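# Residue-level structural notes
Single-letter residue listing:
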Amino acid sequence: DVMDPDVPTVSPDMKVKDLAQRIGAGEPTVTHHQALPLVDSSGKLVGIITRGDILRAINELRDPHLIVSEIGTKDLIVCYPDELVYDAVARMLKNDIGRLLVVDRDSPNRLVGYLGRPNVMHARLAQHEEESVREPGWLRRIPIIHKLVSEKT
């Protein structure tokens, strides 16, 4: 319910400099999230690359031929579409990461979504607003409570 199911991906063979140029140009497909899943030509999830990874590579390695799979993370921490948001957030906090890739439980190399802090915060805000906007006075409709409230006033 909370994940973003439309996740842009990049090829693991893309050059870091090309991805950095696309981000710098403000291309919406690569600037919407702070990280991008690496998906090969067969559709298999093979890693993730963050903007931090890109900046470190540009500043420290300065290799124009470097590809994203060389600097991205291959050891993924993921969540599943049927998992509670609470559990996913706990995993994010425990591992000090700001996002989780959502994968198919039966096929963990199949990407189905992206769960980032903004997704979680929007869901929490919606829940908070829903709780705050509940119809006032609904307890008065229950006869015994209405009687008790009336006796006190």
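For the structure given in this document, a descriptive report is provided here. (Residues numbered from 1 in each chain as written. Predicted model: local features only at pLDDT ≥ 70, side-chain atom pairs only at ≥ 80, totals over all residues. Heavy atoms only, no water.)

Regarding its fold elements, the chain presents seven helices and five strands. Across the chain, helices and strands are ordered from the amino to the carboxyl terminus as α-α-β-β-α-α-β-α-β-β-α-α. The proportion of buried residues among the 153 residues of the chain is 33%. Counted over contacts in the chain with a minimum sequence separation of 6, partners at least 24 positions apart contribute 52%. When the accessible area of the chain is evaluated, it comes to approximately 10,300 Å², of which 53% is carbon and sulfur surface. (Helix = DSSP H or I, 4+ residues; strand = E, 2+ residues; numbered from the N terminus. Buried < 20%, exposed > 50% of the residue type's maximum accessible area, 1.4 Å probe, protein only. Contact = heavy atoms within 4.5 Å. Areas by Shrake-Rupley, 256 points an atom, 1.4 Å probe, with all protein chains shown as cover.)

Turning our eyes to something else, we now look at helix α3 (residues 51-61). Those residues of α3 not exposed but buried are D53, I54 and A57. Angular distribution of buried residues about the axis of α3 spans 100 degrees; they occupy a single face of the element. Along α3, exposed side chains directed more than 90 degrees from the buried face belong to L55, N59 and E60. Of the surrounding elements, those touching the buried residues of α3 are α1 (16-24), β2 (45-50) and α4 (68-71). (Arc of directions from axis to C-beta.)

To continue, consider the packing of aromatic side chains. With the rule as written, the count across this model stands at zero aromatic pairs. Here the guanidinium or amino end of R105 rests over the ring plane of Y80, the centre of that ring lying 4.1 Å away. (Phe/Tyr/Trp six-rings, centres within 6.5 Å; stacked < 30°, edge-to-face > 60°. Lys NZ or Arg CZ within 6 Å of the ring centre and 35° of its normal.)

What follows covers the packing of α1 against α3. Closest axis-to-axis distance for the α1/α3 pair is 10 Å, and the angle between their directions is 120 degrees. By the criterion of interaxial angle, the relationship of α1 to α3 is oblique. Our pair here, α1 against α3, has a crossing hand that is left-handed. Contact residues: α1 offers V16, L19, A20 and I23, while α3 offers R51, I54, A57 and I58. Among the residues making up the contact of α1 with α3, the classes are represented as seven nonpolar, no polar and one charged. (Axes fitted to C-alpha atoms, helices over the stretch in contact; angles between N-to-C directions. Parallel < 35°, antiparallel > 145°, perpendicular 65-115°, else oblique. Left-handed = near helix turned anticlockwise from the far one by under 90°. Nonpolar A, V, L, I, M, F, W, Y, C, P; charged D, E, K, R; others polar.)

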